[in-house]
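What the coordinates show
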Amino acid sequence: MDPKIGPVRPLFVLFGSSIVQLSYYFEGWGATLTGLYARKADISMRGYIGWNTRNALKVLSTVFPQNDKIQPSLVILYFGGNDSTDLDVPGSPGVPIDEYVENMRQIILYIKGLTLNTRIIMLSAPAVNEQQIIDYYGSNLGRTNERGHKYSEAGIRLAQQLKVEVIDFWSALQEPCDWRNTVFWDGMHLTKEGSEILFNKITEVIKETDWEPSLDWDKMPDEFSDIGRNSFYLEKLMKGINKMAGIPNSRELKSE
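Each chain carries its own residue numbering, running from 1 in the written order of its sequence. Residue-level local features of this predicted model are given only where pLDDT is at least 70; pairs of side-chain atoms are given and counted only at 80 or more, and the full residue set underlies all totals for whole chains, interfaces and linings. Side-chain numbers come from the whole structure's heavy atoms, not from hydrogens or water.

1. A few points about unusual backbone geometry
As a reminder of what qualifies: Labels follow the DSSP assignment, with helices taken as runs of H or I lasting at least four residues and strands as runs of E lasting at least two, numbered in each case from the N terminus. Throughout, exposure labels follow a simple rule: accessible area from a 1.4 Å probe, protein chains only, divided by the maximum for the residue type, with under 20% read as buried, over 50% as exposed, and the rest as partly exposed.
In this structure, the amide linkage connecting E212 to the following residue, P213, adopts the cis form with an omega of 0°. Here P213 shows up in the loop between α9 (192-208) and α10 (234-245). Although it is not a glycine, F26 adopts a positive phi angle of roughly 55°. Turning to its location among the elements, F26 is positioned in the loop between α1 (18-21) and α2 (29-36). The exposure class of F26 is partly exposed, given its relative accessible area of 48%. Residues other than glycine seldom take positive phi values, yet K163 does so here, at roughly 60°. Mapping K163 onto the fold places it in the loop between α6 (145-162) and β5 (165-167). For K163, a relative accessible area of 72% translates into the label exposed.

This is how it looks when you write it as structure tokens:
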């Protein structure tokens, strides 16, 4: 499909379940990433609350058509929170761990096959605050940190086997000493603080990975950087935006 507007920029796709769909709420990681890469890359969100890897496989070729002229430069891939739900809970979206791994294998191999330059960052299954889930929903919904850890470890091993970048999402969310009270608003979905953790992990991976062409924000050109630089207030404007968005100093947006 020909682009509706130009110039064509590198395309980043966020593909997953509710952690992706809600990533533009509460100053979320998807919104912050989109703001960071303004004038550098186009970011498309394909997030679906409640989905597991079975659902993802059904739409894989629709979300990522193999014959499209424009293919993703980067896919940030997240499934696992729903897959790791206890199978005995009525209406559970959980799938057995072996099936989860095989489904993720098929998803990763399909995305890797789109182009030689399509990169993947996989997020493992996340941690949860079981008591907070009970307080909010009335039960733990079959979600426990123990089950999440098992699925997280299995996903990390798969990513390493397939040589794709992976973030240990389960461990990352538990890095703050007060994580139980700060990273979730309902025991499983991210607050601003939780999103900041994930945003920082993603940008660290992009910066440290030796991809060619580079997808590091620092190394990607700003679109039309030679036009419209004569407004005296732009530097102060950008400082305010960076401060309100919580963008780290190393990633501050410039007025180019």
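2. Observations concerning the layout of surface pockets
One simple way to see leftover space: roll a probe sized like a water molecule over the atoms. Spelled out, the test is: Only protein atoms enter the 1 Å grid used here, on which a cavity is any set of points holding a 1.4 Å probe that cannot leave and a pocket is any open set flanked by protein within 12 Å on both sides along at least five of seven lines; residues with an atom within 4 Å of a point are listed as lining. Grid points are joined across faces, edges and corners, and a volume is the space filled by probe spheres set on the points. When residue character is reported, Ala, Val, Leu, Ile, Met, Phe, Trp, Tyr, Cys and Pro are called nonpolar, Asp, Glu, Lys and Arg charged, and the others, Gly included, polar.
Its boundaries defined by the atoms lining it, the second largest pocket holds a volume of some 200 Å³. Secondary-structure elements contributing two or more residues to the lining of the second largest pocket are α1 and α6. Taken together, the residues that form the lining of the second largest pocket break down as 6 nonpolar, 9 polar and 2 charged.

3. Examining a nonpolar patch on the surface
Note the cut-off: Candidates for patches are residues over 30% relative accessible area with no salt bridge; among them, like charges are joined within 9 Å and nonpolar side chains (Val, Leu, Ile, Met, Phe, Trp, Tyr) within 5 Å. To measure how exposed things are, a 1.4 Å probe is used in the Shrake-Rupley method; for residues, cover is taken only from the protein chains shown. Put simply, a salt bridge is a Lys or Arg side-chain nitrogen that is within 4 Å of an Asp or Glu carboxyl oxygen.
A contiguous nonpolar patch, built from Y24, Y25, F26, Y136, Y137 and W185 and spanning about 640 Å² of accessible area, is present on the exposed surface. Within the element layout of this structure, W185 appears in the loop between α8 (179-182) and α9.

4. With respect to the pairing of strand β1 (residues 11-16)
Side-chain positions along a regular strand alternate between the two faces of the sheet. Under the convention used in this document: Only strands joined by at least two bridges in the DSSP assignment are considered to pair.
For β1, the tally of buried residues reaches 6 of 6 residues, placing the bulk of the element in the interior. Burial along β1 is two-sided: the residues L11, V13 and F15 and F12, L14 and G16 are all buried. When β1 meets strand β3 (residues 74-78), the two strands line up parallel, connected through 5 bridges. Each bridged residue has a counterpart across the sheet, and for G16 the counterpart in β3 is Y78.

5. A word on empty space enclosed by the protein
In this structure the tally under the stated criterion is 1 cavity of 30 Å³ or more. Of the volumes computed, that of the largest cavity is approximately 70 Å³. If you go around the largest cavity, the residues you meet are S18, I19, L22, S23, Y25, G28, W29, W185, H189, L190 and S195. Of the residues contributing to the lining of the largest cavity, the split by class is 6 nonpolar, 5 polar and no charged.

6. Remarks on the side chain of N129
Heads up, the condition is: Any pair of N or O atoms that falls within 3.5 Å is considered a polar contact. Within protein, one atom must be able to donate a hydrogen and the other to accept it, and sequence-neighbouring residues count only if both atoms are side-chain atoms. When checking whether two residues touch, look at their non-hydrogen atoms; a contact exists if any pair is within 4.5 Å.
Tracing the backbone through its elements, the reader meets N129 in the loop between β4 (119-123) and α5 (130-137). With a relative accessible area of 7%, N129 lands in the buried category. For N129, the side chain forms a polar contact with the main-chain nitrogen of Q131, separated by 3.3 Å. Leave out the neighbours within four places in its chain, and N129 touches W179, R180, F184 and G187.

7. Some thoughts on the pattern of salt bridges
Overall, the coordinates contain 9 salt bridges when judged by the stated rule. D42 is paired through a salt bridge with R9; the nearest N and O atoms lie 3.2 Å apart. In this pair, D42 is assigned in strand β2 (residues 42-47) and R9 in the segment before β1, connecting sequence segments 33 residues apart. Note that E175 is salt-bridged to K201, the shortest N-O span being 2.9 Å. Of this pair, E175 sits in the loop between α7 (169-172) and α8 while K201 sits in helix α9, placing them 26 residues apart in sequence. Accessibility expressed as a relative area gives 53% for E175, which makes it exposed. Here the residues in one salt-bridge network are K207, D216 and D218, joined through shared partners.

8. Quick notes on the environment of T144
Along the chain, T144 turns up in the loop between α5 and α6. Residues T144 and G81, 63 residues apart in the sequence, show an inter-C-alpha distance of 9.9 Å. With near-sequence residues (within four places) excluded, T144 lies in contact with V128 and E130. In this structure the side chain of T144 is engaged in a polar contact, spanning 3.1 Å, whose partner is the backbone nitrogen of R147.

Read these as spatial facts, not as claims about activity.
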